[in-house]
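So you can see what is in the structure, the chains are spelled out below.
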Amino acid sequence: MLVVIVLLVIGLIILISGAEVMVRGASSLSEKSGIPPIVIGLTVVAFGTSAPELIVNIFAALQGTTDLALGNVIGSNISNILLILGVASLIMNLKVQRSTTWKEVPFAALSVLMLFVMASDVLFDKAPSNVISTTDGLVLLGFFSIFLYYTVQLFLNGKNGEQEETEIKVYSYPISFLFTIGGLVLLLAGGKILVIEAVILAHLAGMSEMLIGLTVVAIGTSLPELATSVIAVRKGQSDIAIGNVVGSNIFNTLWILGVTAMIKPIPVASSGYIDILVCLGVTIFLFFALFAGKKHVLERWQGALFVLGYIVYIGYLIWRG
């Protein structure tokens with residue numbers, strides 16, 4: 001088991017390193033193209049930091065370990081809000097743009113609500129089991145295209161009034177492309193190692209693949225979001241921090257689960273159904289938290305509440321087994 005854990009950690013390091021290199025290259029390309037900070041946060045950075053989840057899910061789907069794939073996405077979404085935004089707002093109060101409050105956060109909640117409906121075959125269709133089908137995957141990808149259209153319109157309409165300046169290191173075009181492609185190669189290698197070792201660890205430890213996905217893999221693949229948000233907050237760039245987390249959650253639900261379901265339908269066990277409900281509740285809670293205390297601001301006391309909630313959720317997962 002020790003060897004498996006060491007290999008899992010190595011795979012995770014390669015995965016996160018690949019995401020970091022890829023984000024540097026993609027952000028440099030975007031900055032050279034004149035894309036605003038909030039759009040970079042919602043698309044380029046969000047895609048880059050969601051890339052570990054995407055690669056892990058592709059390999060998990062190809063190997064037939066769909067429980068791991070579903071747990072990875074749902075667990076990452078929950079940790080993004082409760083753990084990452086909680087830690088970030090503990091560092092300093094996070095000011096949130098009105099457009100993020102009224103558009104991006106509700107869109108993130110809508111994406112999870114759609115996932116809940118798609119995973120409710122037993123409830124709505126009286127089917128024998130809940131499955132996120134290939135057709136459901138197509139619908140998720142359709143909603144994802146709407147989100148991309150929104151972010152493009154955000155750029156074209158020049159809504160830059162509330163944006164903060166961001167410092168992105170700009171490289172030459174060859175270096176930027178090299179970083180982007182090299183990061184992708186590392187992502188593929190790290191993702192394959194991580195999935196293989198996570199499944200072996202689950203079997204050796206007598207844990208379910210869903211639990212491994214919700215905890216070890218989800219937290220591991222969320223580390224890029226945590227690093228990106230903490231660095232952004234320390235530089236006073238709350239736009240990047242918030243846009244990164246909200247954008248990543250939308251990417252995770254619509255893009256990553258959509259692609260996963262297209263590769264292989266995802267059966268949803270009763271425990272997974274509960275976790276989707278938790279994810280929906282946490283996203284809605286984030287929306288209402290932006291109106292508790294100072295409007296459009298996540299304060300330190302709210303950050304502490306988020307982190308405490310995440311500790312309680314992890315405790316519940318361990319108790320559930």
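Further up the page is the structure itself.
Residues numbered from 1 in each chain as written. Predicted model: local features only at pLDDT ≥ 70, side-chain atom pairs only at ≥ 80, totals over all residues. Heavy atoms only, no water.

Describing the packing of helix H1 (residues 2-32) against helix H7 (residues 173-205)
Packed helix pairs are characterised by how far apart their axes lie and by the angle those axes make with each other.
At step 1: The contact between H1 and H7 brings their axes to 6 Å, and the two run at 155°. Classified by the angle between their axes, H1 and H7 sit roughly antiparallel to one another. You can see that H1 and H7 cross each other, and the crossing is left-handed.
At step 2: Partitioned by chemical class, the residues of the contact of H1 with H7 number 25 nonpolar, ten polar and three charged. (Axes fitted to C-alpha atoms, helices over the stretch in contact; angles between N-to-C directions. Helix = DSSP H or I, 4+ residues; strand = E, 2+ residues; numbered from the N terminus. Parallel < 35°, antiparallel > 145°, perpendicular 65-115°, else oblique. Left-handed = near helix turned anticlockwise from the far one by under 90°. Nonpolar A, V, L, I, M, F, W, Y, C, P; charged D, E, K, R; others polar.)

Digging into a nonpolar patch on the surface
At step 1: Residues Met 1, Ile 5, Val 9, Ile 13, Ile 196, Ile 200 and Leu 204 make up a contiguous nonpolar surface patch of roughly 570 Å² in combined accessible area.
At step 2: Put simply, the parts of the chain that give the nonpolar patch at least two residues each are H1 and H7.
At step 3: Relative to the assigned elements, Ile 196 resides in helix H7. (Patch = residues over 30% accessible without salt bridge, like charges linked within 9 Å, V, L, I, M, F, W, Y side chains within 5 Å. Areas by Shrake-Rupley, 256 points an atom, 1.4 Å probe, with all protein chains shown as cover. Salt bridge = Lys/Arg side-chain N within 4 Å of Asp/Glu carboxyl O.)

What to know about the environment of Gly 206
At step 1: Note that Gly 206 resides in the loop between H7 and helix H8 (209-234).
At step 2: Looking at Gly 206, the relative accessible area reads 66%, which means it is exposed.
At step 3: Sequence spacing of Gly 206 and Pro 267 is 61 residues, and the spatial spacing of their C-alpha atoms is 21 Å. (Buried < 20%, exposed > 50% of the residue type's maximum accessible area, 1.4 Å probe, protein only.)

Let's talk about the nonpolar core
At step 1: Counting 60 residues, the largest nonpolar core has Leu 70, Ile 74, Leu 85, Ile 132, Leu 298 and Phe 306 as its most contacted members.
At step 2: Elements represented by at least two residues in this core include exactly helix H3 (66-91), helix H4 (98-118), helix H6 (134-156), H8, helix H9 (238-263), strand S3 (266-268), helix H10 (270-289) and helix H11 (300-320).
At step 3: For this core, the element with the highest residue contribution is H9, accounting for eleven residues.
At step 4: Leave out the neighbours within four places in its chain, and Leu 70 touches Ile 132, Met 210, Leu 257, Ile 266, Pro 267 and Val 268.
At step 5: By size, the runner-up hydrophobic cluster in this structure holds 22 residues, among which are Met 22, Leu 68, Ala 69 and Ala 202. (Core = buried A, V, L, I, M, F, W, Y, C linked by side-chain atoms within 4.5 Å. Contact = heavy atoms within 4.5 Å.)

Details of H10
At step 1: Over its 20 residues, H10 extends 28 Å from the first C-alpha to the last, a length consistent with the 28 Å expected when each residue adds 1.5 Å.
At step 2: Taken residue by residue, H10 has Gly 272, Tyr 273, Asp 275, Ile 276, Cys 279, Leu 280, Val 282, Thr 283, Leu 286, Phe 287 and Ala 289 as its buried positions. (Expected span 1.5 Å × (residues − 1).)

Focus: the pattern of salt bridges
At step 1: What the rule picks out here adds up to one salt bridge.
At step 2: Of the charged contacts in the structure, one is a salt bridge between Arg 320 and Asp 275, with a shortest N-O distance of 2.9 Å. Residue Arg 320 is found in helix H11, and its partner Asp 275 is found in helix H10; the two are separated by 45 residues along the sequence.

Looking at H11
At step 1: Here H11 contains 21 residues, and its C-alpha end-to-end distance of 30 Å stays within 8% of the 30 Å for a straight helix at 1.5 Å per residue.
At step 2: The complete set of buried residues in H11 reads Gln 302, Gly 303, Phe 306, Val 307, Tyr 310, Tyr 313, Ile 314 and Leu 317. Across the axial projection of H11, the buried residues extend over an arc of 140°, all falling on one side. What points out from H11, more than 90 degrees from its buried face, is the exposed set Ile 311, Val 312 and Trp 319.
At step 3: On its buried face, H11 is in contact with H3, H8, H10 and strand S4 (297-298).
At step 4: In the segment just after H11, Gly 321 is the residue with positive phi, at about 80°. (Arc of directions from axis to C-beta.)

Focus on the side chain of Glu 209
At step 1: Position of Glu 209 among the secondary structure elements: in helix H8.
At step 2: Buried and unpaired, Glu 209 has Lys 264 as its nearest opposite-charge partner, separated by 11 Å.
At step 3: Among residues more than four places away in sequence, those in contact with Glu 209 are Thr 65, Asp 67, Leu 68, Val 199, Ala 202 and His 203. (Lys, Arg positive; Asp, Glu negative; His and termini not counted.)

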